[in-house]
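Here is what each chain is made of, one letter per residue.
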Amino acid sequence: MQYFVQQLINGLTLGSIYGLIAIGYTMVYGIIGMINFAHGDIFMVGAFTALIVFLILSALFYSVPVVIALLIMMIVAMLLTSLYNWTIEKVAYRPLRGSFRLAPLITAIGMSIALSNFVQVTQGPRNKPIPPMVSKVYNIDGISVSLKQIIIVIVTALLLALFWYLVNKTSLGRAQRACEQDRKMAALLGVDVDRTISITFIMGASLAAVAGTLFLMYYGVVAFSDGFVPGVKAFTAAVLGGIGSLPGAVLGGLMIGFIESMWSAYFSIDYKDVAAFSILAIVLIFLPSGILGRPEVEKV
Amino acid sequence: MAVTVNPERDAVATPIQRALREAFYAGAIALGLFVLFIGLRTDQNMSNELILVQRWGLLAGVVIATAVGRFLYVGFAQPAMQRAKEDKAKAPAVVAEAGFVRRNFTKIGIGALLLYPIVIVLLVGFQGSLKWVDNFGIQILIYVMLAWGLNIVVGLAGLLDLGYVAFYAVGAYAYALLGTHYGLSFWILLPAAGCMAAFWGVLLGFPVLRLRGDYLAIVTLAFGEIIRLVLINWREVTNGSAGISGIPKVSFFGLMSFNVSDPNYIAKVLGIAQSGAYYKIFLYYLILALCLLTAFVTIRLRRLPVGRAWEALREDEIACRSLGINTTTTKLTAFATGAMFGGFAGSFFAARQGFVSPESFVFLESAIILAIVVLGGMGSLVGIAIAALVMIGGTEILRELDFLKAVFGPDFTPELYRMLLFGMAMVIVMLWKPRGFVGSREPTAFLKERRAVSSSFTKEGHG
């Protein structure tokens, strides 16, 4: 039982990170109907920015309180990563809007290749380890919960609450939902569609940047190629939850996190990704549009 | 980024003012993007701690280059292109008679491909030809074949497949395992690998029959990853990430061998000097033959009921179903046929390398193949071949550019920039030609006269 709860906590931590990335996929998909393949690498850029900010902070100051350091890392990472995603949308996706469906997918894949190789060229191909930032571990009833995990879950919960407020209660969120339902009609009613789409990309990138910072804090290491696997997992999570649905993305992220940690705990760690992908395939056979996704209604 | 500018301000500003403003914005954005990544570099010091190395000069250079580039583009290139467009619109429409080259492009292309190794050997001799035949000829042709195979699934049937490399892997491992353990010949295993890949194609096809669009994309991607992860982890059979080496070479149809130690080694039989180039040239013609087979089958299939069903499926699945076409078998045959060619290419790849490992079958390969299909203009065989030549040949040629070392100093390694440039080229080509290199399609069924259909009128399929 203790072992099980322990795995549950590990899965929750992992799932929070996946969920944060998955929201970026699902939002972009919801609003312009494309898979932003570069999103995984946006996450990696976020983690790398956090790493560089961490190094700057430790070079400039003798010691910085961890909370403040984390906050600064997150904010700088959010800003810079948003700038990246905003620029990518402007340069690579916007000119192809209204073109056929596979064109932006290909530019997204191209951007993903370009981004990871850009970081490789400028920062070198090695893994970049940092000294542990938070190392406290609490022991409750034989279950060990590290402070890192608590931070991850709390930050994720706070961000999700903020995000839920933004999407459901503000005019910006209303504009976003309008664009999602019918872009042309929203434009006719005075919604600045281009701006709304840009903001969607910025929001997705900010969440990915936070996920990247948390990832760096949790694992203490980042490399240029680290965008791909979490990116694919998060994308899987978004599809599993029903792409286009925001609660679905979080649910999918948590599910993938749980599947992974349970599978590695009880079966074999080698096949944890195989398990996650197989469950995705099985779920989609029975629910072709994901768990919370709306089935696509086809108009003839 | 022209969209950022308010159109009302555009009317007042002269082109140069506008260009200056745009250049300023571009420079500012570039500064923001690159300040941490180019301005600073994380390096390990002697005690393995990360330290930051400052490179502000390089940062300034990149930012200024971006701003100047944007200035030239907005100030000069854009107006020039605008003018050219207007001139073209004003000029009376002349229906250009297709030139000799254009009309006989396919024949000339095949002729050139057949003569290519001979020309290379004549130019640089047997020893020098190795690199050109192997790295350029064979490498590009493998991608042409893979892209033509994937074209059946994506271009003809309109099913988005992001895990095509899985079938390539199945073919490669089928030959590698059966060839090394049972000593079976390539000529038996080539069709066997094709069948096996086709079988896996059907296996993948079944669960995804009901899925559409992006759900299909992620499941095929997941399938590709599952195959790769199994290859890595099933160590007893596949030898894990270490891969399988010592895969037997292809024989000259069982008559002659390319192993120096064999009694029927080609040079001994024919009484000529020993050289590794014979094998490469033979492989070149082998993959060329396989490519032509793929093209031939694709062209023929398009005229058969099943090919027309694929294209109907791509255009409109509902209409297709209401006309009584069985979409299940149509989709499954598309997956199986596409996978079969992937399997052929895979077993050829294993024979050529003599070594396979899961490293060769990563998602990036699927992405490259898909990019070639889309950049070529989905469905057009010639366009896809051109795209493969440009993208693969272009990145291969970067390995050869030693003169760049003279420009950028001896530390400059062009290989490092290969994939960066590849990714950027994908974006630029797509922006420049959103419909691919050959954007029009030849209909297979027509009244009286065959007319090319602009691809703006065709759909790419959502299922």
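Further remarks concern the overall build of chain A. Of regular secondary structure, chain A possesses eleven helices and four strands. Against the 2.2 N^0.38 benchmark of 19 Å for 300 residues, chain A shows a C-alpha radius of gyration of 19 Å, consistent with a compact globule. Along the first, second and third principal axes, the C-alpha set of chain A runs to 60 × 50 × 35 Å. Burial analysis of chain A (300 residues in total) assigns 50% to the buried set. A separation threshold of at least 6 residues defines the contact pool for chain A, and within that pool the share at least 24 residues apart is 77%.

Per the secondary structure count, chain B includes 18 helices and six strands. Taken over 463 residues, chain B has a buried fraction of 41%. Residue pairs in contact within chain B that sit at least 24 positions apart in sequence constitute 73% of those at least 6 positions apart.

Contacts between chain A and chain B engage 59 residues on the former and 48 residues on the latter. Sorting the residues of the side of chain A that touches chain B by element identifies helix H2 (39–60), helix H3 (66–93), helix H4 (102–123), helix H9 (228–241) and helix H11 (272–286) of chain A as the ones contributing at least two each. With 15 residues, H4 of chain A is the largest single contributor of residues to the side of chain A that touches chain B. Split into classes, the residues belonging to the side of chain A that touches chain B amount to 37 nonpolar, twelve polar and ten charged.

Residue and element names in this part refer to chain B. Where strand S1 (residues 40–44) meets strand S2 (residues 50–54), five bridges bridge the pair, whose relative direction is antiparallel. Opposite Leu40, over in S2, you have Gln54 as the bridge partner. In textbook terms, the turn of a hairpin is the stretch between consecutive antiparallel strands, and for S1 and S2 this stretch comprises five residues, one of which, Asn48, has a positive phi near 65°.

Another point: helix H16 (residues 381–398) of chain B. All names here are of chain B. With 18 residues, H16 ought to run about 26 Å at 1.5 Å a step, and its terminal C-alpha atoms sit 26 Å apart, in line with that. Inspection of H16 places Leu381, Gly383, Ile384, Ala385, Ile386, Ala387, Ala388, Met391 and Ile392 among the buried residues, and these make up the whole buried set. In the core, the buried residues of H16 are packed alongside helix H5 (105–156), helix H11 (277–303), helix H15 (363–375) and helix H18 (418–432).

Residues and elements named next belong to chain A. Two elements in contact, helix H1 (residues 2–32) and helix H10 (residues 246–266), have axes separated by 6 Å at closest approach and are oriented at 140°. Seen along the crossing, H1 lies across H10 with a hand that is right-handed. Each residue belonging to the contact of H1 with H10 can be placed in one class, and the counts come to 14 nonpolar, eleven polar and one charged.

Attention now moves to the environment of Trp200 of chain B. Tracing the sequence through the fold places Trp200 of chain B in helix H7 (residues 186–208). With sequence-adjacent residues up to four places away left out, Trp200 of chain B is seen in contact with Ala166, Phe167, Val170 and Ala339 of chain B.

Conventions used here
- Residues numbered from 1 in each chain as written.
- Chains lettered and ligands numbered in written order.
- Predicted model: local features only at pLDDT ≥ 70, side-chain atom pairs only at ≥ 80, totals over all residues.
- Helix = DSSP H or I, 4+ residues; strand = E, 2+ residues; numbered from the N terminus.
- Rg over C-alpha atoms; globule rule 2.2 N^0.38 Å.
- Buried ≥ 20, exposed ≤ 12 C-beta atoms within 10 Å, placed from the backbone.
- Contact = placed C-beta atoms within 7 Å.
- Nonpolar A, V, L, I, M, F, W, Y, C, P; charged D, E, K, R; others polar.
- Pairing = 2+ DSSP bridges.
- Expected span 1.5 Å × (residues − 1).
- Axes fitted to C-alpha atoms, helices over the stretch in contact; angles between N-to-C directions.
- Left-handed = near helix turned anticlockwise from the far one by under 90°.

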